[in-house]
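# Report on the structure
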Amino acid sequence: MSKTLLPPARASAAIRWSERRLAAAELDYGHGTDNARDEAAALVFHAGGWPHSAAPAAYRRRLPARARAALRELVRRRIEERLPSAYLTGVTWFAGHEIRVDARVLVPRSPFAELIGERFRPFVDPGKVARILDIGTGSGCIAIATAHAFKGARVDATDISAGALAVARDNVRRHRLGRRVRVLKAHVFRGLGTSRYDMILSNPPYVPRRDVEALPAEYRHEPRLGLEAGEDGLSVVRAILKGAARHLNPGGALFVEVGDTAAAVAAKWPELPFLWLGFEHGGGGVFVLSRAALLAARPKGARAARARR
Ligand SMILES: C[S@@+](CC[C@H](N)C(=O)[O-])C[C@H]1O[C@@H](n2cnc3c(N)ncnc32)[C@H](O)[C@@H]1O
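Residues numbered from 1 in each chain as written. Predicted model: local features only at pLDDT ≥ 70, side-chain atom pairs only at ≥ 80, totals over all residues.

Take the nonpolar core next. By size, the foremost hydrophobic cluster in this structure holds 63 residues, and its most contacted members are A145, M199, I200, V237 and L254. Top element by residues in this core is helix α6 (residues 141-149). It accounts for seven residues. Leave out the neighbours within four places in its chain, and M199 touches F120, V124, V129, I132, G252, A253 and F255. Membership of the second largest hydrophobic core comes to 19 residues, among which are A11, W17, A41 and A47. (Core = buried A, V, L, I, M, F, W, Y, C linked by C-beta atoms within 7 Å. Buried ≥ 20, exposed ≤ 12 C-beta atoms within 10 Å, placed from the backbone. Helix = DSSP H or I, 4+ residues; strand = E, 2+ residues; numbered from the N terminus. Contact = placed C-beta atoms within 7 Å.)

Shown next as structure tokens:
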């Protein structure tokens, strides 16, 4: 990209300038946006130092020369380094909430946002949800948005990555949710003792090892721990299914995103009556299982042993 060519000063024109370049570069838009225009607008607002809420009036503002140079550099890095724009701006939006991100965490994009918008109805009675667990919280996006949706509930947000835990803690603090959202280190359920929850949520890593390399370049900037889950992509899901019933309260439910491994999950556990959810705004591969369904599907020996305890 030429060093001399600066984007236009007017924000609306700078957005068009950026959009044209992003569109021509055939980028992947799987990281919180799905088109060049939204990414262009995010980069222009970041360069201008304007909050998201300044739109649409800010489209008429003018970018000073320093901001235009910064924008040119942001667009160059998005194209040449294939960095997701959320890592360039350090911020993204999830279920209507601002979430800080960097390369220690996956860029939030889970269809869980829609379930949160519906307060997980009709699968749970929101009035009866007091304790929630989010396994593999990353930036904390699901835990934070769920805590906002369930004002009376307490949420445990867990991860095994020290970097992710630091980002999640920062986001929880920014959202002033420190009293209700606990950020904890735990390997799936290991580290949680005998805690029980009314809802267990998880968007765990679920990409088979061999498939990670084939993902678009943007994904290589994300932590591998957030994507890859062993040979078959099921190592974390397996541990979740194994321990969930023990950590759910009666009437509770488990919600897990497994993306493209949905068919493999259904084939691997034919005894489990997965309910696969549909989404209005795209995405899929999310199942719900009630505690009762998890218990009923257990091998008879395990059920008898549990009854004796
Ligand atoms: C797909 S990312 C999801 C992050 C966030 N929940 C979201 O939706 O954007 C999965 C997260 O699970 C964490 N993780 C990986 N293995 C784990 C394990 N065994 N126990 C707990 N967390 C794990 C990763 O560090 C990563 O932050």
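What follows concerns the site of the ligand. Close contacts around the ligand come from 24 residues, with G136, G138, S161, N203 and G226 the closest. Elements represented by at least two residues in the shell around the ligand include exactly α6 and β4 (154-159). Partitioning the shell around the ligand into residue classes produces 13 nonpolar, 10 polar and one charged. (Near = placed C-beta within 6 Å. Nonpolar A, V, L, I, M, F, W, Y, C, P; charged D, E, K, R; others polar.)

A few words now on the packing of helix α2 (residues 36-48) against helix α3 (residues 65-80). As a packed pair, α2 and α3 sit with axes 8 Å apart at the nearest point and diverge in direction by 140°. As judged from the angle between their axes, α2 and α3 are oblique. Crossing handedness for the pair α2 and α3: right-handed. Of the residues in α3, those touching α2 at L43, V44, H46, A47 and G48 are A67, A70, L71, L74, V75 and R78. A per-class count over the contact of α2 with α3 returns eight nonpolar, two polar and one charged. (Axes fitted to C-alpha atoms, helices over the stretch in contact; angles between N-to-C directions. Parallel < 35°, antiparallel > 145°, perpendicular 65-115°, else oblique. Left-handed = near helix turned anticlockwise from the far one by under 90°.)

What is shown is where atoms sit, not what they do.
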